[in-house]
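# Observations on the model geometry
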Amino acid sequence: PKPHAGRIALVTGAASGIGKAIAQRLAAEGACVVVADLDLEKARAAAAEIGNSDVAIGVAANVADGTAVQNAVNEALLAFGGLDLVVNNAGLSLSKPLLETTEADWDLQHDVMAKGSFLVSRAAAQALIEQGLGGDIIYISSKNGVFAGPNNIAYSATKADQAHQVRLLAVELGAYGVRVNGVNPDGVVRGSGIFASGWGANRAATYGVKEEDLGQFYADRTILKREVLPEHVADAVFVLTGDELSRTTGLHVPVDSGVAAA
Ligand code: NAD
């Protein structure tokens, strides 16, 4: 059997970018997948790319809305009869310097990522604990949650919040066999909607490079000189949630071609 056969996964923000790649990879490894995102049609389209409703469904869930989050977990239980693996991936980046960051900017970043992943983890943990079979919670945090970068205070602060949620929940949920680990990507330009939706232009301006050269720029500043793609983040999620790392919890794995190590 495939490594994740029989497992049921919920991935937030999975209609696009890294989340979509994670949903596709987990399905390829045998899991049934719930693709959760803001827009129902986009979530359903991403699920349909994976397969029919026996293996993937799309649900609308704004992760900042506790009722919507509970509904998404309920849909997983209803459609597939359980829940084993949850990925907190939904996010956005406003990328502003301190003096341009409004109170509303701060609230939005923290509602979606800090509060959103808390709501998803809480609803998922309840289902995992009731099921009594352990499970996995993954946070897609960021290199920016650990290291300082320019013009990104609200985003980076909420990524640091997510990183600490990993440690806190690893401690709190360990007794139930629930492992909680994080992945810290950096520089995923191609295939990321965050870059497509204006962040690319912002980062290009910040670093003084042309937007079309941004993927190469990020690759060149890494130790490995290798571009990071959504698939590489999905690789880390697969390994972290697999049997080979069954004694690993509270870990943060960089997927950044070495930027955080330099
Ligand atoms: P993306 O824009 O392609 O994907 C983000 C998805 O989240 C979108 O489908 C969006 O609709 C969804 N989303 C946004 N707000 C939501 C909400 N309130 N509820 C539910 N879904 C919501 O961007 P991506 O690059 O794939 O980013 C995915 C995650 O990876 C984010 O958390 C991001 O911060 C993180 N990350 C990305 C990079 C990178 O280099 N691209 C680096 C570090 C971390």
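The rules behind each value
- Residues numbered from 1 in each chain as written.
- Predicted model: local features only at pLDDT ≥ 70, side-chain atom pairs only at ≥ 80, totals over all residues.
- Near = placed C-beta within 6 Å.
- Helix = DSSP H or I, 4+ residues; strand = E, 2+ residues; numbered from the N terminus.
- Nonpolar A, V, L, I, M, F, W, Y, C, P; charged D, E, K, R; others polar.
- Domains from an automatic or database assignment.
- Pairing = 2+ DSSP bridges.
- Axes fitted to C-alpha atoms, helices over the stretch in contact; angles between N-to-C directions.
- Buried ≥ 20, exposed ≤ 12 C-beta atoms within 10 Å, placed from the backbone.
- Arc of directions from axis to C-beta.
- Contact = placed C-beta atoms within 7 Å.
- Parallel < 35°, antiparallel > 145°, perpendicular 65-115°, else oblique.
- Left-handed = near helix turned anticlockwise from the far one by under 90°.
- Core = buried A, V, L, I, M, F, W, Y, C linked by C-beta atoms within 7 Å.

### Side note on the site of the ligand
Among the 29 residues in the neighbourhood of the ligand, the closest are listed as G13, G17, G91, S192 and G193. At three residues, helix α1 (residues 17-28) tops the list of elements feeding residues into the shell around the ligand. Its residues assigned to classes, the shell around the ligand comprises 13 nonpolar, 14 polar and two charged. Mapped onto the domain boundaries, the shell around the ligand takes at least three residues apiece from domain 1 (8-186 + 229-254) and domain 2 (189-227).

### A closer look at the sheet that holds strand β7 (residues 252-255)
Read from one edge of the open sheet, seven strands run β3-β2-β1-β4-β5-β6-β7, paired in parallel fashion. Edge positions in the open sheet fall to β3 (56-60) and β7, since each of these has one partner strand only. Neighbouring strand axes in the sheet, compared pairwise and without regard to direction, differ in orientation by 20° on average. The pairing of strand β2 (residues 32-37) with β3 spans five bridges and is parallel.

### Section: helix α8 (residues 230-240)
If you check which residues of α8 are buried, you get P230, V233, A234, A236, V237 and L240. Projected down its long axis, α8 carries its buried residues within an arc of 155°, all on one side. The elements touched by buried residues of α8 are α1, β4 (85-88), β5 (135-140), β6 (178-185) and β7.

### Side note on the packing of helix α4 (residues 103-131) against helix α5 (residues 153-173)
Relative to each other, α4 and α5 sit at 15°, their axes nearing to 9 Å. With respect to each other, α4 and α5 are oriented roughly parallel. Every pair of crossing elements has a handedness; the one defined by α4 and α5 is right-handed. For the pair α4 and α5, contact is made by D105, W106, Q109, H110, M113, A114, S117, F118, S121 and A125 and by A154, Y155, T158, K159, D161, Q162, Q165, L169 and L173, respectively.

### A short note on the nonpolar core
The biggest cluster of nonpolar side chains holds 71 residues, and the ones touching the most others in it are L10, I22, V33, V35, A124 and V233. Top element by residues in this core is α4. It accounts for nine residues. When residues of this core are assigned to domains, at least three map to each of domain 1 (8-186 + 229-254) and domain 2 (189-227). Not counting residues up to four positions away in its chain, the partners in contact with L10 are V34, A36, A72, V73, A76, L83, V86 and A124.

### Digging into the domain arrangement of the protein chain
Looking at the assigned domains, one finds that the protein chain contains domain 1 (8-186 + 229-254) and domain 2 (189-227). For domain 1 versus domain 2, the distance between C-alpha centres works out to 23 Å. By residue class, the composition of the side of domain 1 that touches domain 2 is five nonpolar, five polar and no charged.

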